Structures are given as C-alpha cells and as structure tokens.
Amino acid sequence: MSVFEHLLETKASKGAGYLVLVDPDRWDIDELELFINKINVSGADGIMVGNSLTLGEGEQQMMKRIQEIATLPVILFPGNVNQLSPHVDAVFYLSVISGRNPQFLIGDQVQAAPVVRHLGLEPISTAYMLIESGRVTTAEFVSGSKPIPRDKDEIAIAHALAADYLGFKFIYLEAGSGAKYSVTPQMVKAVTSYTDVPVIVGGGIHTPEVAGALVKAGASFVVTGNVLENPDNSHLMEAFAKAIHKS
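First, a word on scope: everything that follows refers to the structure included in this document. Not measured: the values here are computed from a predicted model. (Residues numbered from 1 in each chain as written. Predicted model: local features only at pLDDT ≥ 70, side-chain atom pairs only at ≥ 80, totals over all residues. Heavy atoms only, no water.)

1. A look at the overall build of the protein
Thinking step 1. Scanning the protein from terminus to terminus reveals nine helices and eight strands.
Thinking step 2. The globule rule puts the C-alpha radius of gyration for 247 residues at 18 Å, and the 16 Å found for the protein is close to it.
Thinking step 3. Taken over the C-alpha atoms alone, the protein extends approximately 45 × 40 × 35 Å along its principal axes.
Thinking step 4. Looking at the 247 residues of the protein, the share that counts as buried comes to 54%.
Thinking step 5. Across the protein, the fraction of contacts at a sequence separation of at least 24, relative to all contacts at a separation of at least 6, is 71%.
Thinking step 6. Accessible surface for the protein amounts to roughly 10900 Å². Of this, 54% is attributable to carbon and sulfur atoms. (Helix = DSSP H or I, 4+ residues; strand = E, 2+ residues; numbered from the N terminus. Rg over C-alpha atoms; globule rule 2.2 N^0.38 Å. Buried < 20%, exposed > 50% of the residue type's maximum accessible area, 1.4 Å probe, protein only. Contact = heavy atoms within 4.5 Å. Areas by Shrake-Rupley, 256 points an atom, 1.4 Å probe, with all protein chains shown as cover.)

Printed below as a string of structure tokens:
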C-alpha cells in the first residue's frame, strides 16, 4: 500500500487523521528517539519530517534514525530541494499556490523531480496555502509569499478550486510554524464545501479542542508540531489523536 493510499484509508476509517511534524534541528539524538517512540504509541497516523531551512549532513542522519525507529509512515515536508532524502517513505510534493514566487510555485519542483525519481520516493502532490497567523512565520519569510488573510474565505476558496482543477491530491492550509493563530474553522468549512480534495490543516494548533473543531469543520488531517517540542506537552499527543479521530 502506498503512503497516499494509507492516508486515504485512515480518513475513511477514522474520519480524519493525525500527523505529527518533527523538526530534526530541534532535537538531540537521544531526545529524538524517545520522542519518535512516543509518537509510535500515541495514536497518531503518520510522522512528517522537515523545516523551512536547509537540512545538513547531521540532520540527514537524524532523519535516517527516525525512519529506523518509526512504526508509522514517515513523510518529508520539504522547505527546499536540498532537503530531499532517501530516509523517508514519501514526500509532500509542495507548490506554494497562495504565493506568486515562481521558485516555490514550479521552479523548485522542476529541480526536485529528477531527484525524487532517482531516490525512488513516493511524491504526493500538495497545494500549499499560507494563511495569515498573527505573526510573520519562517515559511512566509523564506518563501517570500504573502499569506492569505485569515478572514478572507473567498480567496482561500478560489485557490482551493484552482488546486482541485489542477489535480492536486491534497490541499494544505498552513498558518506556519510557531503561528500565533491557527487557520479558522470557518475557512476550513468554506474550503471543504467547495472541493472534495482532502484538506490538511497545520500551524498554531495548541489544544485538542482546536484540533477537534477543525475536523468538525471539514479538515481531513490535522498537524501539530511546535506544541509538542516542550517535553511537558508530549502527553498531549494521545489527547490530540482522540479529539481528531472522534470528531
């Protein structure tokens, strides 16, 4: 079964899926191993790996260790071409459709295509939409993309329809790492009322209640990242999984 098929099956059987984003730069190897083992038993449905900056040689080794330990699919969430790695099961093949920077719309994708093929990675085409989050995020700064205003549902709908018509497999509504505010349930509901393409929502999701509200609004997958980097919050993974799966 491909990772894409696994994700669709997760959505069909559980109503929605829970993905945990891991930034290898933020962990030492011992802490990372403990964290991945916690994810394995948390009820999560997959592990996303990546950040908005370049991964170096050390980080590649960390990714290799993640794949060795993980009992869940490991999906690369790349910030640029240099982050492509053989130590993942699939890659979200992102195009920043909310921006107008040609490098992140199609330039990086053309450069990455031969590498993805050479490494034998499973590409999952994903329309990535940055949403205003209350502060400038790393993804916004690095991509040079102005986010969609969080109260302009009609703009998000138009972009989502374009992604649907262009054949993307997922739509990713992203407030960004360290976001002050998450994407609103109203925007998720608006987007999912116009398209059947599964919607992933991430950034600024700090509580299981917020995650559950996003699923009720129509999100197919919810991603948490920064909130779990505090060791005192690792117990929240099980609560997130339960809130997402029961919503």
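2. Topic: helix α7 (residues 185-192)
Thinking step 1. Within α7, the full set of buried residues consists of Met187, Val188, Ala190 and Val191. The buried residues of α7 occupy an angular sector of 165° when projected down its axis, which confines them to one face. Set apart from the buried face of α7 by more than 90 degrees, the exposed residues are Gln186 and Lys189.
Thinking step 2. Elements that come into contact with the buried residues of α7 comprise α6 (153-166), β6 (170-174), β7 (199-202) and α8 (208-216). (Arc of directions from axis to C-beta.)

3. As for the side chain of Ser182
Thinking step 1. Mapped onto the secondary structure, Ser182 falls in the loop between β6 and α7.
Thinking step 2. The buried category is assigned to Ser182, whose relative accessible area is 13%.
Thinking step 3. Discounting chain neighbours no more than four positions away, the residues touching Ser182 are Arg150, Ala175, Gly203, Gly204, Ile205 and Val210.

4. Here we look at the environment of Ser125
Thinking step 1. Along the chain, Ser125 turns up in strand β5 (residues 122-130).
Thinking step 2. Excluding residues within four positions of it along the chain, Ser125 makes contact with Tyr93, Gly167, Phe168, Lys169 and Phe170.

5. Overview of the pairing of strand β8 (residues 221-224)
Thinking step 1. Burial along β8 is two-sided: Phe221 and Val223 facing one way and Val222 and Thr224 facing the other are all buried.
Thinking step 2. Across four bridges, the pairing between strand β1 (residues 17-22) and β8 is parallel. Bridge assignment links Tyr18 to a residue of β8, and that residue is Val222.
Thinking step 3. Considered for its hand, the β-α-β crossover made up of β7, α8 and β8 is right-handed. (Pairing = 2+ DSSP bridges. Right-handed = clockwise from strand over helix to strand, strands pointing away.)

6. Notes on the packing of aromatic side chains
Thinking step 1. The tally for this structure, following the rule as stated, stands at eight aromatic pairs.
Thinking step 2. Both rings, one in Tyr128 and one in Tyr172, keep their centres 5.6 Å apart while their planes meet at 55°; by these two values the pair is tilted. Here Tyr128, found in strand β5, pairs with Tyr172, found in strand β6; they are 44 residues apart in sequence, far enough to count as distant.
Thinking step 3. In this structure Tyr128 comes out as buried when scored by relative accessible area, which is 7%.
Thinking step 4. Take Tyr172: its relative accessible area is 0%, and that puts it in the buried class.
Thinking step 5. Among the aromatic side chains, those forming a connected cluster through ring pairs are Phe4, Phe92, Phe170 and Phe221.
Thinking step 6. Sitting above the plane of the Phe4 ring, Lys169 keeps its charged end 4.8 Å from the centroid. (Phe/Tyr/Trp six-rings, centres within 6.5 Å; stacked < 30°, edge-to-face > 60°. Lys NZ or Arg CZ within 6 Å of the ring centre and 35° of its normal.)

7. Let's talk about the environment of Thr126
Thinking step 1. Within the fold, Thr126 resides in strand β5.
Thinking step 2. Note on Thr126: relative accessible area 0%, which makes it buried.
Thinking step 3. Residues Thr126 and Asp45, spaced 81 residues apart in sequence, show a C-alpha to C-alpha distance of 18 Å.
Thinking step 4. Excluding residues within four positions of it along the chain, Thr126 makes contact with Phe92, Tyr93, Leu94, Ser95, Phe168, Phe170 and Tyr172.
Thinking step 5. Within polar-contact distance, the side chain of Thr126 engages the backbone oxygen of Ile124 at 2.9 Å. (Polar contact = N/O pair within 3.5 Å; in protein donor to acceptor, adjacent residues only side chain to side chain.)

8. Digging into the sheet that holds strand β3 (residues 74-76)
Strand pairing in a sheet is mediated by backbone hydrogen bonds. Such pairs are either parallel or antiparallel.
Thinking step 1. As summarised here, the arrangement of the eight strands in space is β1-β2-β3-β4-β5-β6-β7-β8, forming a closed barrel in which the pairing is parallel. Across this sheet, the average inter-strand angle for adjacent strands is 30°, counted without regard to direction.
Thinking step 2. Helix-sheet contacts for helix α4 (residues 102-119) involve β4 (90-96) and β5, and the interaxial angle to β4 is about 155°. (Axes fitted to C-alpha atoms, helices over the stretch in contact; angles between N-to-C directions.)

9. Examining the side chain of His159
Thinking step 1. Tracing the sequence through the fold places His159 in helix α6.
Thinking step 2. Classification of His159 by relative accessible area gives buried; the value is 12%.
Thinking step 3. At a separation of 3.2 Å, a polar atom in the side chain of His159 contacts the side chain of Arg100.
Thinking step 4. A distance of 2.8 Å separates a polar atom in the side chain of His159 from the backbone oxygen of Ile155.
Thinking step 5. Apart from residues no more than four positions distant in its own chain, His159 is found in contact with Ile97, Ser98, Arg100, Met129 and Ile148.

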